[in-house]
Amino acid sequence: MKSKQIAHHVFFWLKNAGSVEDRDKLVEGVKTLSKIPLIKELQVGIVADTEKRDVVDASWAVSELMFFDTLADQANYQNHPIHQAFIKNYSGLWNKVVVYDIQEV
C-alpha cells in the first residue's frame, strides 16, 4: 500500500507589515528550500486578491506549501542544512509563523 503524502503549509507574517521589499526577499528565501531533495513539490505564494469574506484570512504575507512522501522525510527536512540556513538568513523578516501539517487520507 502506498503511503499517504504529508503536506507542510506555512504562513509568515512580516515584522515590517506591508513592505513589498521584505515580502519579495522572503519569497526569494523560501524558494531556496526547493533545493532540498526530500521536498517533492514546493509552492510559494502571496495573498491572492480574491473576494473579501469573513472566512478568508488575508493577514499573512507569504506562504509555502510543500509535500513530502513520508513523515520521516518531513522530520528530516526540519534539520536539513538548507532549511537551517533559511531560518538563520530570513527569520529577521517575520514576527509570526503558523504551520499546518496534514496527512493525506
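As shown above, the structure is provided for reference.
S.K.: I keep staring at the environment of Leu71 and nothing clicks. Help me out?
M.R.: Mapped onto the fold, Leu71 is located in helix H2 (residues 71–78). Its relative accessible area of 55% is what places Leu71 among the exposed residues. Note: C-alpha distance between Leu71 and Ala7 (64 residues apart in sequence) is 9.6 Å. When residues no more than four places from it in sequence are discounted, the contact partners of Leu71 are Ile6 and Gln103.

S.K.: Explain helix H3 (residues 81–90) to me, please; I cannot follow it from the model alone.
M.R.: Residue pairs three or four apart in sequence face the same way in an α-helix, which turns once every 3.6 residues. Taken as a whole, H3 has its buried residues at His83, Phe86 and Tyr90. One side of H3 holds all its buried residues, which, seen down the axis, span an arc of 60 degrees. Exposed positions of H3 whose direction lies more than 90 degrees from the buried face are Pro81, Lys88 and Asn89. Each element contacted by the buried residues of H3 is listed here: strand S1 (6–14), helix H1 (20–31), H2 and strand S4 (94–103).

Rules used in this analysis
Residues numbered from 1 in each chain as written. Predicted model: local features only at pLDDT ≥ 70, side-chain atom pairs only at ≥ 80, totals over all residues. Heavy atoms only, no water. Helix = DSSP H or I, 4+ residues; strand = E, 2+ residues; numbered from the N terminus. Buried < 20%, exposed > 50% of the residue type's maximum accessible area, 1.4 Å probe, protein only. Contact = heavy atoms within 4.5 Å. Arc of directions from axis to C-beta.

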